[in-house]
Amino acid sequence: MKIERIVAAPLRDGSRLGRATSPRAKSELLVDGGNTLARYREFTGRGSYHDTPWSDTVCMAFAEDGTWGMGMTGHAGPVVPIINEFLAPLITGENVMATERTWDMMFNHASLFGVGGLTSYAISAVDLALWDLKGKLLGVPVYELMGGPARDKVHCYATGMDFDWMLECGFEAIKVPCPYGEALGNVSLDRAEDLAGLARAAIGDERELMMDCWSVGSVEFMVRFAERMRPYNLKWLEDFLYPEDYEGFEEMRRRVPWQTLATGERWVTHLPFMEAAAKRSVDIFQPDIRWVGGVTAVQKIGHIAEGAGLQVALHGGMNDSFGQHACHAMSSNTWGEFLVDSASGVPLEEGWRPTPGMTVPVNGSLVPSDAPGFGIELTRDELEAMTG
Ligand SMILES: [Mg+2]
């Protein structure tokens with residue numbers, strides 16, 4: 001069976017799933033402050049600098065018999081033309097089952113202008129659409145195609161700020177997005193320590209606590225940050241340096257040898273993970289399946305991690321069907337991240353769910369849909385209506 005057509009479009013209407021339940025109380029969800037310009041005092045605390053102006057990208061892959069699969073990624077403005085004008089003509093007509101080959105073709109051909117950044121987003125959407133298509137053609141869930149399930153269910157942690165609500169939902173581990181960057185120096189360190197203290201007091205000593213710094217620090221600041229966090233027994237410190245500051249990650253490893261370090265959501269393709277594994281500069285890899293290169297890339301990264309004795313915990317892995325299937329399949333993936341964006345009292349089912357049909361964690365663990373492909377419950381008409 002050959003790939004008959006690949007086509008991408010911006011997501012114009014992602015509101016198919018409504019929210020029926022009113023919040024119990026006004027709760028602070030994600031802190032408005034993890035932004036790329038947080039090193040400047042005038043931008044600190046302005047979360048809008050974390051966003052881009054583009055909507056999500058939806059990619060559809062069609063087989064010769066009319067069966068179709070769907071993938072998603074971000075930044076539609078530049079990503080849609082990379083797919084439609086560059087990647088789609090390259091792999092149309094290839095064997096629809098040969099995802100190792102099609103990924104490798106896209107990866108190598110993208111070297112003309114660089115496989116990093118937005119190019120990897122485009123490759124991810126195409127690869128995800130092809131894996132969904134393979135699952136539908138064979139009538140099996142993607143996690144089985146990947147060799148899973150690795151476990152009965154995925155053990156999840158919650159990311160957010162509403163500690164009471166996250167505990168009520170049954171999560172046994174909590175990650176806090178820290179909004180305080182280095183622009184304010186000791187003031188930021190004091191506030192971050194207060195936040196860690198609040199979180200630890202709320203969840204108790206038995207549950208795991210993690211802190212995500214959203215990639216806005218320097219080694220000098222983050223070493224001091226890690227030392228301040230030491231009394232709060234962080235399971236890991238996450239995204240503490242500029243993503244491509246590979247020497248910085250090695251320096252952090254040397255200067256805070258006692259702290260488990262995690263990163264990787266903004267690394268793309270398997271290559272940065274290979275280097276980090278070789279240097280042992282971080283302990284836990286966090287690729288995002290919609291950005292890093294899709295299923296094919298996270299499989300490569302999972303095997304690199306296993307070879308080096310490291311762990312994987314996909315970024316936002318529980319917040320869409322793609323990550324759920326990969327986390328369920330990969331023996332290297334030890335945790336599933338669920339970003340809790342439903343306010344206190346609003347069921348997790350009514351929060352942000354970009355792929356209809358996806359399940360949500362129950363008592364802190366999750367089993368993905370076993371429907372074919374990624375189990376995304378969208379008809380072709382519904383999908384085309386959402387992409388205009
Ligand atoms: Mg992160």
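For the structure itself, look to the data block above.
Residues numbered from 1 in each chain as written. Predicted model: local features only at pLDDT ≥ 70, side-chain atom pairs only at ≥ 80, totals over all residues. Heavy atoms only, no water.

Regarding its fold elements, the protein presents twelve helices and twelve strands. A compact globule built from 388 residues would reach a C-alpha radius of gyration of about 21 Å, and the protein, at 20 Å, matches this within 12%. Overall size of the protein, expressed as C-alpha extent along the three principal axes, is 60 × 45 × 40 Å. Residues counted as buried form 57% of the 388 residues belonging to the protein. Here the contacts in the protein between residues at least 6 apart in sequence split such that 69% fall between residues at least 24 apart. Accessible surface, the protein as shown: approximately 15,500 Å² in total, 49% of it carbon and sulfur. Positive and negative side-chain charges of the protein, numbering 33 and 53 respectively, have mean locations separated by a distance of 3 Å. (Helix = DSSP H or I, 4+ residues; strand = E, 2+ residues; numbered from the N terminus. Rg over C-alpha atoms; globule rule 2.2 N^0.38 Å. Buried < 20%, exposed > 50% of the residue type's maximum accessible area, 1.4 Å probe, protein only. Contact = heavy atoms within 4.5 Å. Areas by Shrake-Rupley, 256 points an atom, 1.4 Å probe, with all protein chains shown as cover. Lys, Arg positive; Asp, Glu negative; His and termini not counted. Charge placed at Lys NZ, Arg CZ, Asp CG, Glu CD.)

This part is about the packing of helix H2 (residues 99-109) against helix H3 (residues 118-138). Their axes nearest at 11 Å, the elements H2 and H3 cross at an angle of 170 degrees. Considering the angle they form, H2 stands roughly antiparallel to H3. For the pair formed by H2 and H3, the contact residues are Thr 99, Thr 102, Trp 103, Met 106 and Phe 107 on the first element and Ile 123, Val 126, Asp 127, Leu 130, Trp 131 and Lys 134 on the second. Residues that form the contact of H2 with H3 fall into these classes: seven nonpolar, two polar and two charged. (Axes fitted to C-alpha atoms, helices over the stretch in contact; angles between N-to-C directions. Parallel < 35°, antiparallel > 145°, perpendicular 65-115°, else oblique. Nonpolar A, V, L, I, M, F, W, Y, C, P; charged D, E, K, R; others polar.)

Time to look at the coordination of the magnesium ion. Of the protein atoms, only Asp 212 (OD), Glu 238 (OE), Asp 239 (OD) and Glu 265 (OE) coordinate the magnesium ion, at distances of 2.0 to 2.3 Å. In primary sequence terms, the donor set of the magnesium ion follows D-x25-E-D-x25-E. Of the two residues, Glu 238 is situated in strand E7 (residues 234-238) and Glu 265 in the loop between strand E8 (261-263) and helix H9 (271-279); the sequence distance between them amounts to 27 residues. With respect to class, Glu 238 is no different from Glu 265; both count as buried. (Donors = N, O, S within 2.8 Å, 3.2 Å for Na, K, Ca; no water.)

Our focus in this paragraph is the sheet that holds strand E1 (residues 3-10). By way of backbone hydrogen bonds, the strands of a sheet pair with one another, either parallel or antiparallel. Overall, antiparallel pairing links the three strands, which are arranged E1-E2-E3 in an open sheet. What marks the edges here is a single partner per strand, and that holds for E1 and strand E3 (68-73). Pairs of neighbouring strands in the sheet enclose a mean axial angle of 20 degrees, with direction left out of account. Packing of helix H1 (residues 76-91) onto the sheet brings it into contact with E1, strand E2 (57-63) and E3, and relative to E1 it is tilted by some 170 degrees. (Pairing = 2+ DSSP bridges.)

On to the pairing of strand E5 (residues 173-177), then. The buried fraction of E5 is high, at five of five residues. Neither face of E5 is open: one carries Ala 173, Lys 175 and Pro 177, the other Ile 174 and Val 176, and all of them are buried. Inspection of the sheet shows strand E4 (residues 154-159) paired to E5 by two bridges, in the parallel sense. Pairing of Ala 158 across the sheet is with Ile 174, part of E5. For the crossover from E4 across helix H5 (residues 163-168) to E5, the handedness is right-handed. Between the parallel elements E5 and strand E6 (residues 208-212), the chain passes through helix H6 (residues 186-203) in a crossover that is right-handed. (Right-handed = clockwise from strand over helix to strand, strands pointing away.)

Checked against the element boundaries, Leu 195 lands in helix H6. Taking C-alpha positions, Leu 195 is 18 Å from Val 340, a pair spaced 145 residues apart along the chain. Among all residues touching Leu 195, those that are not within four sequence positions of it are Met 161, Phe 163, Val 176, Pro 177, Cys 178, Pro 179 and Tyr 180.

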